[in-house]
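Summary of the model geometry
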Amino acid sequence: MSGFFKSSIGRKVSMALSAFFLMFFLIIHLAVNITSIFSEAVFNEMSHFMGTNPLVQFALQPVLIFGVVFHFVMGFVLEIRNKKAQGIAYAKNNGAANSTWMSRNMIYSGLVILAFIGLHFIDFWFPEINYKYIAGNPEEPTRYFHELQEKFVPIWRVAAYVLSFILLGLHLAHGFTSAFQSMGITAGRKKTLKTIGIAYSIIIPLGFIIVALFHHLNHH
Amino acid sequence: MALDSKVPEGPIKDKWTNYKDKINLVNPANKRLIDVIIVGTGLAGGSAAATLAELGYNVKAFCFQDSPRRAHSIAAQGGINAAKNYQGDGDSTYRLFYDTVKGGDYRSREANVYRLAEVSTSIIDQCVAQGVPFARDYGGLLDNRSFGGVLVSRTFYAKGQTGQQLLLGAYSAMNRQIGRGKIKMYNRHEMLDVVIVDGKARGIIARNLVTGEIERHSAHAVVLGTGGYGNAFYLSTYAMGSNVTAAWKAHKRGAFFANPCFTQIHPTCIPVSGDHQSKLTLMSESLRNDGRIWVPKHMEDVLAIREGKLKPTEIPEENRDYYLERRYPAFGNLVPRDVASRAAKERCDAGYGVNKTGEAVYLDFATAIERYGKEQAYVKGLDENDKALIKKLGKDIIKAKYGNLFQMYEKIVDQNPYETPMMIYPAAHYTMGGIWVDYNLMTTVPGLYAIGEANFSDHGANRLGASALMQGLADGYFVLPYTIGDYLSHDIRTGPIPTNSKEFDDAENQVKSNLDKLINNNGTHSVDYFHKKLGKIMWNKCGMARNAKELKEAISEIAELRAEFWKDVKVPGIANEYNEELAKAGRVADFLELGELFAKDALQREESAGGHFRDEYQTPEGEAMRRKEFQYVSAWEYKGEPKDAVLHKEALVYENIEVKERSYK
Amino acid sequence: MKLTLKIWRQKSANDKGNLVDYKVNDVSPDMSFLEMLDVLNQDLIDKNEEPIAFDHDCREGICGMCSMYINGRAHGPDRSITVCQLHMRSFKDGDTIYIEPWRAKAFPVIKDLIVDRSAFDRIQQAGGFISVNTSGNTQDANATLISKYAADTAMDAATCIGCGACVATCKNSSAMLFVGAKVSQYALLPQGQIEAAERVRNMVAQMDLEGFGNCTNTGACEVECPKGISLENIARMNRELMKANIN
């Protein structure tokens, strides 16, 4: 089995598996964020649960971090290997004739998303870890909503969010069906998967963008 | 030297079985001590290489292409015959044998053909076991189609790519043995001579086409599966690289060349579009089931069409000449290949050709579209008088039957054959003649074998559709592995054949001096210039209809052209590199010799039989006239120049089949 | 028509190579692309220059020998055809046409437009077969029923001509469409299922060893494949390999 994950197809499968996990995580994350539009209380409650539940904090969070790190490290590894397999570049290459921009530029959309994750860590995750585990402040179950609102005040951050999520959408537009194809699940169900993939890659980023814009515009 | 066909005694049904029971075998340990060289990796060479390697021999296989999978067997479309009688329509080994001998116009060897029919069923079993995806019906059983005017459905097929699938099957079997180290594969290598030591074939001289290096390879036996020589016509349905060189070098080393004039000209090919043309594309024979062949009745219509002033669809029925229906009311458009080809040539020679080169006739589907359309309208209960509807329904049926062929035609000609008639013209397609072999498939040189299209044995003067694939695989999978074992059983103590002998030195030197001559000639004309000229002579004077006067002219013209070639050919580059022009030059040099022998053979055969039609020997109705005194195989012995070749005759005896006249009126 | 050609010239495997400009006049729209190159080559021979080396053989779209990257696309601008089936009517008077060899580490250039595709052969040798000897007494061809669906789907996969356009067009130089097609053909047939696990493991291992890249599912190969081999064959191969490693 270890040989399997060293093979080209094994690497594809591991990319797909980590992608599935991340795509599932995106749904959860968006679900929590969306509540901030409707109810401060619900958002605080859910954030408090996520922030303090030991299962989430000490089991799921490390898995998530591993998933993210694995996905981008493996993405880089594959990119480098693929570049090596290529040899001399064509003087003229018309990639647009046979494939989508998204599929050919996963590494770039991925890099933007990675940069966004960096920003996201600086904005939320590092302060959070500092607050809870380093400074050892007592938990305040109502602090989350205000922290969120404050972040979306500066226009540059909202712009960065919107741009990143557009690229996430493009990443997903190819990545969703690609992950299924890598797992060998497409045979005979190509059309349905494609439709679901497009819907997913629009709805998820759009949801995050709406949350950001909503708080930017509704800040008092 | 008297020709001995070595046909075993006994009733025809038992010959092969008895033969196999009595031959010498080589024990498995000893097979490891024996090397076999196989040149060519098409259906015959590929299947032979795989099978001999499975048996335990050390095989060295050679092909000039970059992979064995590219041999031109891959282009065969229609199917492969086998006497399985899965359809229960009365087929049997005897019927397949009978059809093949009759189709060959009684110029093939009975015992060989019977054996071919006998092993045909094993081919299908073997290919299915290898994973060849033959077409199946909804019950999961193998499907069959009918082919080439026979009375039963015995043709197995894989879409329109049967040759490809069978070849990939043989290639996969080869791959298995290459992986095991039992076949050593030499891609991009061309055999340039066979080496004879003490009267036996013991190796070859080959040129590595990438580096230009001349190599020596030795073995206990040499097998040629190098295909036919139809490229002597320059334009043909053969691959660009198909050539006679290996067979011709074998001929020069003592292998007799049999029936060179027996060539198949296929009637339904896409016509030549201009001087730049390099190759002709075949359209499956099956199109004649629904297409009607015609040319305009009046010369003014022909000229108007050529000038683009008139469209064929604008010519009314009464001004069209459906010449096959006119001449052969019983068979109409379904006459055999040779008859259909000659009739097209006759019309075009009379000036009625419909394209700018004057060498094309129409193959029209309008009648079929209307007939099918009406049928469909009736079945579906729709209006039978609605012209547009009828046309649409009819087109759908035609599309289902021939869609891929129509698409291919449109790609090449840029005309839509649903709307305007196709243009077709005959083209050289297969050579029934080849190296003479006995019942063991051994040539007149001991230890030198010829299989598949390269030999002459099974198709007589004309080959039936879907029989070429059958013969190639029969020879390679099921015949040669037995017969060669009998011969090799005497070589178990010989040990490896050294390549440092005088015979190898001589052969290599000859090859090298030949190449040097070509590369240093510094003439003024390219190889293609001569090849095209040869093709014109062959096509005009040794083509679909021949006569003594023109054949004599052809003989002297080819001899002159050959002399001019050696004086004036220009080959760029150097010998020690990838140099396609040099490879081509060597091949054309051999075609220039074969061409002359071809004409000589056609001249001596004063009869018409199958693909060989002599103007002087036809019935009052213009049909082929076979003559009893020519019921023999003409096998030519090399004596220097082609004109000095000596004729040997192998009499053909028919004990199991009655020799009859063919009539299609 | 008159055309400007930018053709990759490279003397040998070790030479660096570069694009060279050629002008061709009197190109007829009825010519095939290769016949247009024939005309150019005759011209070069007449001028005592070296003709352009390119692979070609059957010139009817089935042998898989011809292999050129024309104006940024494998086998040129038209779909579902090989270079030999491409006709000059697909171009306009005055066009500039780039002609390059297949590019991939695993397909080194031999000369000019000719590349070495023997990596494909070695992948097939690793497992692209069913282990059955020729005996003459194999079971009857109709003894095992095969559904029409399985036979037709296997046939669709088996139509691969091994030209390498999939690798050439892939931004990752991946050979998975080629390997997937062969794996699929056998996996779909009962005769091939017996050694399916070993076959897919061996063929994928050899594919990786040859230095082909990883598939990222761009789908370019499927679009450029002259025989329209489906991406589903890659999915099937992925499944087959997972299955082979789970069992």
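Residues numbered from 1 in each chain as written. Chains lettered and ligands numbered in written order. Predicted model: local features only at pLDDT ≥ 70, side-chain atom pairs only at ≥ 80, totals over all residues.

**Some thoughts on the overall build of chain C**
Check the secondary structure of chain C and you find 9 helices and 7 strands. Here the C-alpha coordinates of chain C stretch approximately 60 × 35 × 35 Å along the principal axes. For chain C, restricting intrachain contacts to residue pairs at least 6 apart in sequence, the fraction spanning at least 24 positions comes to 70%. (Helix = DSSP H or I, 4+ residues; strand = E, 2+ residues; numbered from the N terminus. Contact = placed C-beta atoms within 7 Å.)

**Examining the overall build of chain A**
The secondary structure content of chain A amounts to 9 helices and 0 strands. Start at the N end of chain A and walk to the C end: the helices and strands fall as α-α-α-α-α-α-α-α-α. For chain A, the spread of C-alpha atoms along the principal axes amounts to about 55 × 40 × 35 Å. A buried classification covers 25% of the 220 residues belonging to chain A. Across chain A, every contact between residues at least 6 apart in sequence was considered, and the portion connecting residues at least 24 apart equals 83%. (Buried ≥ 20, exposed ≤ 12 C-beta atoms within 10 Å, placed from the backbone.)

**Some remarks on the nonpolar core**
All names here are of chain B. Core analysis: the largest hydrophobic core is formed by 321 residues, its most contacted members being Val223, Leu224, Val361, Ile435 and Tyr449. Tallying contributions element by element places helix H17 (residues 580–604) first for this core, with 13 residues. When sequence neighbours within four positions are dropped, the list of residues in contact with valine 223 reads Val36, Ile37, Ile38, Val39, Ala48, Tyr449, Ile451 and Leu480. (Core = buried A, V, L, I, M, F, W, Y, C linked by C-beta atoms within 7 Å.)

**Some remarks on the interface of chain C and chain A**
Each partner contributes residues to the interface: chain C has 40 residues there, and chain A has 36 residues. Elements supplying a minimum of two residues to the side of chain C that touches chain A: strand S5 (96–100), helix H7 (196–209), helix H8 (220–224) and helix H9 (232–246) of chain C. The leading source of residues in the side of chain C that touches chain A is H9(C), at 8 residues. Partitioning the side of chain C that touches chain A into residue classes produces 16 nonpolar, 14 polar and 10 charged. (Nonpolar A, V, L, I, M, F, W, Y, C, P; charged D, E, K, R; others polar.)

**Things to note about the interface of chain C and chain B**
Counting from both sides, the interface comprises 62 residues of chain C and, opposite them, 64 residues of chain B. Put simply, the parts of the chain that give the side of chain C that touches chain B at least two residues each are helix H1 (33–46), strand S6 (109–111), helix H2 (118–127), helix H3 (148–158), helix H5 (176–187) and helix H6 (190–193) of chain C. Broken down by element, the residue count for the side of chain C that touches chain B peaks at 6 residues, all from H1(C).

**Overview of the domain arrangement of chain C**
By a widely used convention, the size of an interface equals the accessible area lost when the partners come together. Residue and element names in this part refer to chain C. Split by domain assignment, chain C resolves into domain 1 (3–110) and domain 2 (117–131 + 144–246). Its C-alpha centre places domain 1 at a distance of 28 Å from the equivalent point of domain 2. Counting residues at the interface gives 18 residues for domain 1, matched by 17 residues for domain 2. Considering only residue class, the side of domain 1 that touches domain 2 consists of 9 nonpolar, 6 polar and 3 charged. (Domains from an automatic or database assignment.)

**A closer look at the environment of C:Lys2**
Residues and elements named next belong to chain C. Following the sequence through the fold, lysine 2 ends up in the segment before strand S1 (3–9). C-alpha separation for the pair lysine 2 and aspartate 93, spaced 91 residues apart in sequence, amounts to 5.4 Å. Once you skip the residues sitting within four places of it in the chain, lysine 2 turns out to touch Asn25, Asp93 and Gly94.

**Here we look at unusual backbone geometry**
All names here are of chain C. A positive phi angle, close to 55 degrees, is found at aspartate 26, a residue other than glycine. You can see aspartate 26 is positioned in the loop between strand S2 (18–24) and H1. Overall, the presence of 9 C-beta atoms within 10 Å leaves aspartate 26 in the exposed class. Here the phi dihedral of aspartate 112 falls at roughly 45 degrees; this positive angle occurs in a residue that is not glycine. Among the secondary structure elements, aspartate 112 is positioned in the loop between S6 and strand S7 (114–115).

**Considering the arrangement of the chains**
The protein chains that touch form 2 pairs of chains, and the pair with the most contacts between them is chains B and C. Contact between chain A and chain B is absent, and the least distance between their C-alpha atoms amounts to 20 Å.

**Focus on the sheet that holds strand S6 (residues 189–197) of chain B**
Residue and element names in this part refer to chain B. Overall, antiparallel pairing links the 3 strands, which are arranged S6-S7-S8 in an open sheet. Across the chains shown, the open sheet's two edge strands, defined by having one partner strand only, are S6 and strand S8 (214–218). In this sheet, neighbouring strand axes are inclined to one another by 25 degrees on average, regardless of whether the strands run parallel or antiparallel. Pairing geometry for strand S7 (residues 200–208) and S8, over 5 bridges, is antiparallel. (Pairing = 2+ DSSP bridges. Axes fitted to C-alpha atoms, helices over the stretch in contact; angles between N-to-C directions.)

**Focus: the sheet that holds strand S10 (residues 257–258) of chain B**
Residues and elements named next belong to chain B. Across the sheet, which stays open at both edges, the 4 strands sit in the order S16-S10-S18-S19 with antiparallel pairing between neighbours. Of all strands in the sheet, those with a lone pairing partner are strand S16 (434–435) and strand S19 (646–651), marking the two edges. Alignment of strand S18 (residues 632–637) against S19, held across 6 bridges, turns out to be antiparallel. In the sheet register, tryptophan 636 faces S19, and the bridge partner there is leucine 647.

**Points about helix H2 (residues 8–38) of chain A**
Its 31 residues give H2(A) an end-to-end C-alpha distance of 46 Å, which sits within 8% of 45 Å, the value for a rise of 1.5 Å per residue. Listing the buried residues of H2(A) in full gives A:Ser8, A:Ile9, A:Gly10, A:Arg11, A:Lys12, A:Val13, A:Met15, A:Ala16, A:Ser18, A:Ala19, A:Asn33 and A:Ser36. (Expected span 1.5 Å × (residues − 1).)

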